[in-house]
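# Fold and geometry: a report
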Amino acid sequence: MPLARSLSVTSLSGLEEWDEEFDLEDAVLFEIAWEVANKVGGIYTVIQTKARLTAEEWGENYFLVGPYVESNVRTQVELIEPTNPVLKRTIDKMNSSGCKVYFGRWLIEGSPYVVLIDVAFTAWSLDSWKRELWDLCDIGVPWFDREANDAVLFGFLTAWLLGEVTQSEEPPHIVAHFHEWLAGLGLVLCRHRKLPIATIFTTHATLLGRYLCAGSVDFYNKLADFNVDKEAGDRQIYHRYCLERAAAHCAHVFTTVSQITAIEAEYLLKRAPDIVTPNGLNVKKFSAVHEFQNLHAQSKNRIQEFVRGHFYGHLDFNLDKTLFLFIAGRYEFSNKGADIFLEALARLNYLLRVNHSDVTVIAFFIMPARTNNFNVETLKGQAVRKQLWDTAQTVKERFGKKLYESLLVGQLPDVSKILDKEDFTIMKRAIFATQRQCQPPICTHNMLEDSGDPILNCVRRIGLFNSSADRVKIIFHPEFLSSTSPLLPMDYEEFVRGCHLGVFPSYYEPWGYTPAECTVMGIPSISTNLSGFGCFMEEHIADPSAYGAYLHPGPSIPRQAFPDTYMYDLHKPTSTSGFRYPRPASVPPSPALSRHSSPRHSEAEDNDEDERYDEDVEAEKDRVNIRQPYALPFKNKSSGKKGLRW
């Protein structure tokens, strides 16, 4: 298909018509994102997941462009000399002009080439570039917005890099794919400078949409009514919004990741995406159908070891009857549904207690926040656990040696004498070390803003403090998981495999990788039909729950708000239009109509503000209507089908 300019930007020239077909060897793809070798959120997963397939298709002509972050480069990137002569001349020229540009291979599957730009090294140019941005686009960036300042530096440096590549004697066909507003300025500059580059802009979530949803706004029902300039200005993000909107309008091709975000972009960015490209996962990476149960058991044992240390002195529950639930992602308390999850946990705790259940639920919150170090009490717990283990091993060795010597002389051991006073002294000291004068901590780290943290404040309000009487425990881990952590040394994939259920009741989730990752790893998950993944499953899967993905209807249903636009028009029908993936034959059908028995949201509920939730009344209803709690079934089946591909 020819890469032609969008009708909305015909006034911007600079790209000649390409032939219907051309040799990929004469084309170069640059993919530009702030999260190249720099994990901030979900875009890191997007790029990392599709890197292998893209590298296979484009070969030596595929280059990722991102920021140089030294701590990440040390562990993720192998720096090498540029292999492409045009790119080598470009990088050498930029470095000789006062920049610092690095070239290497990103050590992920596919080992793609990366061009990393040190934006801090060229901070001396920030004022002049911001002045140029104002002269060209009438966009002013305030001095105190560090993230926007980085976007300005990154955008000008990216445009400089691409401009130098186009100055070669025989420039190749260049496609530049920009992700999100942080990289969008580079696209705007490429178009303004009329560089012969085909540009693509992908928004994974709109800035204004994220801010509006975080502010308790009836977002989906009022999407068509927002005064976007005023709303962005009121939230002090107008300059960011302008950068994002400019990139969306200047791109030859504008894409997004889900139908729900396509509707959002049309109303907030004032341009309808040309195509929706749902995010996918490299299913091969996770494929181990016959090993699902074994991998789950191994990872669960590692989580149980952490729990033994975290709850030392209060380990009065049976770990074999303990369920591990988790929520993970960007720390957006309402957007990610952490508020709903905590409320549900409080009610679950009440039900388990009044029904005298012996089941314990431990809920993990994996959301990075501002911290200064690990919590001393948390580290102490892991140290106590290790000390107890070492003590048990010492006593076991002494016991085994005496047993062995007794059997050698043909005598049965005297059990009363096989453990001497020293053994009992060692064990008593170990037991005394487990005494604890406080409750197990909620948070594993020292929070910089403890008093204002939304999760901790909600925990204080609902009263779930990890007490012995509570059947629901909470662990807040405000840091990305890592196998090198001294506290919980597990990668995210290992941790997910060890849990029993992922809970993601997001109010604002343009795609949602977390439930998708759970699905391919055989772990059940709960999502909403306000997330891109949830909508995709609801539209294309006959029975999502049969695959372990349970969809909860959100407080506002987009298809009710926009009945004419929800089935998004992509200008022409695709081959998958109307396709619904069948229920797996190996899994018994779920009650398809069960969700309709739940009371639906109504306007009358909004008007009745005096009605309050009465726990005693609701508990009485639960005792009548709810069966005795039981352990969640743990049968993981896999469809064996391939995942989505970009």
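Residues numbered from 1 in each chain as written. Predicted model: local features only at pLDDT ≥ 70, side-chain atom pairs only at ≥ 80, totals over all residues. Heavy atoms only, no water.

### Remarks on the overall build of the chain
To keep things clear, this is the line we draw: Helix and strand definitions here come from DSSP, where helices need a minimum of 4 consecutive H or I residues and strands a minimum of 2 consecutive E residues; each element is numbered from the N-terminal end. Buried, partly exposed and exposed residues are distinguished by accessible area as a fraction of the type maximum, computed with a 1.4 Å probe on protein chains only: under 20%, between the cut-offs, and over 50%, respectively. A contact between two residues is defined here by any heavy atoms of the two lying within 4.5 Å. The method behind every accessible area is Shrake-Rupley, applied with a 1.4 Å probe, and residues are considered shielded solely by the protein chains displayed.
Check the secondary structure of the chain and you find 23 helices and 17 strands. Counting all 646 residues of the chain, 51% fall into the buried class. For the chain, long-range pairs separated by at least 24 residues make up 73% of all intrachain contacts whose partners lie at least 6 apart in sequence. Within the structure as shown, the chain displays about 32,200 Å² of accessible surface, and the carbon and sulfur contribution to it stands at 53%.

### Considering the pattern of salt bridges
Put simply, the test is: Salt bridges, as used here, are contacts in which a Lys or Arg side-chain nitrogen is within 4 Å of a carboxyl oxygen on Asp or Glu.
Applying the stated criterion across every chain yields a total of 31 salt bridges. Within the structure, one salt-bridge network assembled from shared partners comprises Arg398, Lys402, Asp420, Glu422 and Asp423.

### What about the packing of aromatic side chains?
Note the following rule: Only centres within 6.5 Å qualify two rings of Phe, Tyr or Trp (six-membered ring in Trp) as a pair; their planes then separate them into stacked at under 30 degrees, edge-to-face at over 60, and tilted for everything else.
Inspection of the entire model under this criterion finds 24 aromatic pairs. For the ring pair Phe311 and Phe317, a centre distance of 5.5 Å and an interplane angle of 85 degrees mean the geometry is edge-to-face. Note on accessibility: Phe311 and Phe317 belong to one class, buried. Their ring planes at 70 degrees and their centres at 5.8 Å tell us that Tyr331 and Phe476 sit as a pair that is edge-to-face.

### Re the pairing of strand β7 (residues 197–203)
For clarity, the cut-off: A pair of strands counts as paired when DSSP detects no fewer than two bridges linking them.
Among the seven residues of β7, seven are classified as buried, and the element is accordingly described as predominantly covered. In β7, alternate side chains face the same way, and those of Ile197, Thr199, Phe201 and Thr203 on one face and Ala198, Ile200 and Thr202 on the other are all buried. Pairing of strand β6 (residues 173–179) with β7 involves six bridges; the strand directions are parallel. Residue pairing in the sheet places Ile174 in a bridge with Ile197 of β7.

### Here we look at the packing of helix α6 (residues 180–192) against helix α9 (residues 238–250)
Let me state the cut-off plainly: A fitted line through C-alpha atoms represents every axis, and for helices the fit uses only the stretch in contact; the resulting angles, taken between N-to-C directions, go from 0 to 180 degrees. In what follows, roughly perpendicular refers to angles from 65 to 115 degrees, roughly parallel to angles under 35, roughly antiparallel to angles over 145, and oblique to any angle outside these ranges. Here a crossing is taken to be left-handed if its near helix is turned anticlockwise relative to the far helix by less than a right angle, and right-handed if that turn runs clockwise. Charged residues are taken to be Asp, Glu, Lys and Arg, nonpolar residues to be Ala, Val, Leu, Ile, Met, Phe, Trp, Tyr, Cys and Pro, and polar residues to be all remaining types, Gly included.
Close contact between α6 and α9 brings their axes to 8 Å; oriented N to C, the two are set at 50 degrees. With respect to α9, the element α6 is oriented oblique. The handedness of the crossing between α6 and α9 is left-handed. Counted together, Trp181, Gly184, Leu185, Leu187, Val188 and Arg191 of α6 and Arg240, Leu243, Glu244, Ala246, Ala247 and Cys250 of α9 form the full contact between these two elements. Within the contact of α6 with α9, the residues separate by chemical class into eight nonpolar, one polar and three charged.

### A closer look at the state of the cysteines
Note on terminology: disulfide describes a covalent bond linking the sulfur atoms of two cysteines. Condition: We call a pair of cysteine sulfur atoms a disulfide when they lie within 2.5 Å.
On inspection of all chains with the given rule, the structure shows zero disulfides. Summary of cysteine pairing: Cys242 is not part of a disulfide, and the nearest cysteine sulfur, belonging to Cys137, is at 9.7 Å.

### Focus on the nonpolar core
It is characteristic of soluble globular proteins that their nonpolar side chains tend to be buried jointly. The cut-off we apply is this: Residues enter a nonpolar core if they are buried and are Ala, Val, Leu, Ile, Met, Phe, Trp, Tyr or Cys, with the set joined through side-chain atoms within 4.5 Å.
If you look at the biggest cluster of nonpolar residues, it comprises 76 residues, and the most contacted ones within it are Phe30, Ile32, Leu87, Phe178 and Phe219. Ranked by residue count, the leading element in this core is helix α5 (residues 146–166), at 11 residues. Apart from the residues within four sequence positions on either side, Phe30 is in contact with Phe63, Val65, Leu87, Leu162, Val165, Ile174, Val175, Ala176 and His177. Listed in part, the 68 residues of the second largest apolar core include Val257, Cys458, Leu488 and Ile541.

### Comments concerning the environment of Phe226
Structurally, the position occupied by Phe226 is in the loop between α7 (207–214) and α8 (228–234). Separated by 41 residues in the primary sequence, Phe226 and Tyr267 place their C-alpha atoms 8.4 Å from one another. When sequence neighbours within four positions are dropped, the list of residues in contact with Phe226 reads Leu212, Val217, Phe219, Glu231 and Leu268.

### Some details on unusual backbone geometry
Here the phi dihedral of Ser111 falls at roughly 45 degrees; this positive angle occurs in a residue that is not glycine. Tracing the chain through its elements places Ser111 in the loop between β4 (101–106) and β5 (113–117). You will see that His356, though not glycine, has its phi angle at about 50 degrees, which is positive. Take His356: it is sitting in the loop between α13 (338–354) and β11 (360–366).

### Some details on the packing of helix α4 (residues 126–137) against α5
Contact geometry of α4 with α5 gives a least axis separation of 10 Å together with a crossing angle of 80 degrees. Judged by the angle between their axes, α4 and α5 are roughly perpendicular. On the side of α4, the interface is formed by Leu126, Trp129, Lys130, Glu132 and Leu133, while α5 contributes Asn149, Val152, Leu153, Phe156, Leu157 and Trp160. Partitioning the contact of α4 with α5 into residue classes produces eight nonpolar, one polar and two charged.

### Thoughts on the side chain of His310
Take His310: it is sitting in helix α12 (residues 292–310). A relative accessible area of 1% means that His310 is categorised as buried.

### Let's talk about the side chain of Asn335
By the element assignment, Asn335 lies in the loop between β10 (322–328) and α13. Those residues in contact with Asn335, other than ones at most four positions away along the chain, are Arg210, Cys213, Ala214, Ser506, Tyr507 and Tyr508.

### A look at a negative patch on the surface
The condition that has to hold: In this analysis, a patch consists of residues with relative accessible area above 30% that form no salt bridge, clustered at 9 Å for like charges and at 5 Å for the nonpolar side chains Val, Leu, Ile, Met, Phe, Trp and Tyr. Here the positive residues are Lys and Arg and the negative ones are Asp and Glu; neither His nor the chain ends is included. Each charge is placed at NZ for Lys, CZ for Arg, CG for Asp and CD for Glu.
Taken together, the side chains of Glu25, Asp26, Glu169 and Glu170 make up a negatively charged region of the molecular surface. Its location among the elements puts Glu170 in the loop between α5 and β6.

### Structural notes on a nonpolar patch on the surface
Taken together, the side chains of Tyr404, Leu408 and Val409 define a hydrophobic patch exposed on the protein surface, amounting to about 360 Å² of accessible area. The residue Tyr404 is located in helix α14 (residues 376–408) in this model. Tyr404 sits in the exposed class, given a relative accessible area of 54%.

### Topic: the sheet that holds β7
Whether parallel or antiparallel, the strands of a sheet pair through hydrogen bonds between backbone atoms. Within the open sheet, the nine strands sit side by side as β3-β4-β5-β2-β1-β6-β7-β8-β9. Their pairing is mixed. In the strand order of this sheet, the two ends are held by β3 (77–79) and β9 (275–276), each with one partner. Across four bridges, the pairing between β7 and strand β8 (residues 253–256) is parallel. In the strand pairing of β8, Phe201 is matched with Phe254.

### A few points about the confidence of the model for the chain
Worth spelling out the cut-off: Scored from 0 to 100, pLDDT reflects the predictor's confidence in each residue.
Taken as a whole, the chain shows an average pLDDT of 82; of its residues, 80% reach a score of 70 or greater. Long-range and interchain partners of residues 1–14, a stretch whose pLDDT sits below 50, account for 32 contacts in this model, where long-range means more than four residues apart. Per-residue pLDDT stays below 50 along residues 565–578; that stretch engages in 21 contacts with residues further than four places along the chain or on separate chains.

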